[in-house]
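One-letter residues, chain by chain:
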Amino acid sequence: VAAGPKKIVIAGAPASGKGTQCELIVDKYGLEHISAGDLLRAAVAAGTDLGVRAKEFMDRGDLVPDEVVVGMVVEALDTDKAKSAGWLLDGYPRSASQADAITKEGIIPDSVILLDVPDDILVERVVGRRMDPETGKIYHLKFNPPPADVAARCTQRSDDTEEKAMNRLKVHHSNVEAVVGKYEGKINEIDGNRSKADVFADICGVIDEM
Ligand code: AP5
């Protein structure tokens, strides 16, 4: 099997563990990690035109329009590291039109990892999530508490309320089949309702077989 750059999409509902697993994948495989949500949050924080447009959609938990997000992702994938080591695209595509847009640019994953977690668990994960703004590390008040010296500076995302999470979940459920349909034969569904380490072991199994 030719060992070339690995091209991976990681998908799943809000709080299914995409970001958590991406941290581990990047550590082990050295891929370029592109998170659509992180790119959008950075644009919002920087107050760019695109960020200003994105904010109202993100605040509601709706998908940001394609004309805001597609260009951002395509540009972020255009790095030497992505070309040589490969890439891990997190939270994109989230609709058929987003999948078509990258296909047109020749951006085609070899594998799509789809994390599967029941809805009631997802809501608990969302409301307990905290992030360390200095390292970007993701924690959970109950499942993965931040260390004592980090806890005080941890922040909560503004869309991590139960109400917004319910809308984000609804949006996910209404779009996921369309995305899956675009990558027939490449979907690797993984039970994400297990320990972080168990989920990661399965993901490594998929990546090592690529
Ligand atoms: P985005 O930032 O992508 O959010 P999301 O998809 O809702 O996903 P999350 O970041 O909430 O969760 P995750 O799966 O990364 O879980 P995590 O590892 O943190 O998008 C935000 C918004 O941006 C969208 O609503 C939309 O508006 C916009 N957007 C983004 N992409 C877009 C696109 N392509 N098009 C249009 N708009 C777009 O884990 C969650 C919690 O669970 C953590 O606390 C973690 O510690 C805990 N946890 C993780 N794994 C486990 C485990 N195995 N056991 C127990 N706890 C665990």
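The rules behind the values
Residues numbered from 1 in each chain as written. Predicted model: local features only at pLDDT ≥ 70, side-chain atom pairs only at ≥ 80, totals over all residues. Heavy atoms only, no water. Core = buried A, V, L, I, M, F, W, Y, C linked by side-chain atoms within 4.5 Å. Buried < 20%, exposed > 50% of the residue type's maximum accessible area, 1.4 Å probe, protein only. Helix = DSSP H or I, 4+ residues; strand = E, 2+ residues; numbered from the N terminus. Contact = heavy atoms within 4.5 Å. Near = heavy atom within 4 Å. Polar contact = N/O pair within 3.5 Å; in protein donor to acceptor, adjacent residues only side chain to side chain. Areas by Shrake-Rupley, 256 points an atom, 1.4 Å probe, with all protein chains shown as cover. Pairing = 2+ DSSP bridges. Phe/Tyr/Trp six-rings, centres within 6.5 Å; stacked < 30°, edge-to-face > 60°. Lys NZ or Arg CZ within 6 Å of the ring centre and 35° of its normal. Disulfide = S-S within 2.5 Å. Salt bridge = Lys/Arg side-chain N within 4 Å of Asp/Glu carboxyl O. Axes fitted to C-alpha atoms, helices over the stretch in contact; angles between N-to-C directions. Parallel < 35°, antiparallel > 145°, perpendicular 65-115°, else oblique.

**Side note on the nonpolar core**
Here is a general trend for soluble globular proteins: nonpolar side chains tend to be buried in one another's company. Within the largest apolar cluster, 28 residues are counted, with the highest numbers of intra-cluster contacts made by Leu40, Leu89 and Tyr92. Contributions of two or more residues to this core are made by α2 (36-46), α3 (49-60), α4 (66-76), β3 (86-90) and α6 (96-104). Looking at which element gives the most residues to this core, the answer is α4, with seven residues. Apart from the residues within four sequence positions on either side, Leu89 is in contact with Ile8, Val9, Ile10, Ile34, Val73, Leu77 and Ile102. In terms of nonpolar packing, the next biggest core, distinct from the first, is built from 16 residues, Ile10, Leu115, Ile190 and Cys204 among them.

**A few points about the site of the ligand**
Taken together, the neighbourhood of the ligand is formed by 33 residues, with Thr20, Asp62, Arg94, Arg129 and Arg168 sitting nearest. Within the side chain of Thr20, an N or O atom sits 2.6 Å from an oxygen atom of the ligand. At 3.0 Å, a backbone N or O of Val64 approaches a nitrogen atom of the ligand. Computed on the free molecule, the ligand has an accessible area of 1,000 Å², of which 94% lies beneath the protein chains in the complex. Counting residues per element, the ones that place at least two in the shell around the ligand are α1 (18-29), α2 and β6 (138-140).

**Things to note about the pairing of strand β1 (residues 6-12)**
Burial runs high along β1: five of the seven residues are buried. Note that β1 and β3 share five bridges and pair parallel. In the strand pairing of β3, Ile8 is matched with Leu88. Note that β1 and strand β4 (residues 111-116) share five bridges and pair parallel. Each bridged residue has a counterpart across the sheet, and for Ile8 the counterpart in β4 is Ser111.

**Side note on α4**
Val68, Val69, Val70, Met72, Val73, Val74 and Ala76 are the residues of α4 that are buried. Looking at the packing, one finds that the buried side of α4 touches β2 (32-35), α2, α3, β3 and α6.

**Section: the packing of aromatic side chains**
Both the distance between ring centres and the angle between the ring planes are used here to describe each pair of aromatic rings. In total, this model carries zero aromatic pairs according to the counting rule given. A cation over a ring is seen here: Arg60 above Phe57, with NZ or CZ 5.1 Å from the ring centre.

**A word on the state of the cysteines**
Two cysteines form a disulfide when their sulfur atoms are joined by a covalent bond. This structure, assessed with the given rule, holds zero disulfides. You can see Cys22 has no disulfide; the closest cysteine sulfur is in Cys204, sitting 12 Å from it. Taking the relative accessible area as the measure of exposure, Cys22 reaches 0% and is therefore buried. This cysteine, Cys154, is not joined by any disulfide, and Cys22 carries the nearest cysteine sulfur, 19 Å off. For Cys154, a relative accessible area of 15% translates into the label buried.

**Examining the pattern of salt bridges**
Enumeration according to the criterion identifies 17 salt bridges in this entry. Across the pair Arg53 and Glu67 runs a salt bridge whose closest N-O atoms are separated by 3.4 Å. With a gap of 14 residues between them, Arg53 in helix α3 and Glu67 in helix α4 connect regions that are remote in the sequence. What makes Arg53 partly exposed here is its relative accessible area of 39%. In this structure Glu67 comes out as exposed when scored by relative accessible area, which is 55%. Within this structure, Arg129, Arg157, Asp159, Asp160 and Arg168 form a network of salt bridges that share partners.

**Section: the packing of α2 against α4**
α4 packs onto α2 with a crossing angle of 110 degrees between their chain directions and a minimal axis gap of 10 Å. Taken together, the axis directions place α2 and α4 in an arrangement best described as roughly perpendicular. The segment α2 lies against α4, with Ala36, Leu39, Leu40 and Ala43 engaging Val68, Val69, Met72, Val73 and Ala76.

**Some remarks on the sheet that holds strand β7 (residues 187-191)**
The strand order β2-β3-β1-β4-β7 describes an open sheet built from five strands, whose pairing is parallel. The open sheet has two edge strands, β2 and β7, and neither has a second partner. Across the sheet, the mean angle separating the axes of adjacent strands is 20 degrees when strand polarity is ignored. Two elements, β2 and β3, share four bridges in a ladder whose sense is parallel. Each bridged residue has a counterpart across the sheet, and for Ser35 the counterpart in β3 is Asp90. Sheet strands in contact with α1 are β1, β2, β3 and β4, and its direction is about 165 degrees off that of β1.

Coordinates in, geometry out; function isn't part of it.
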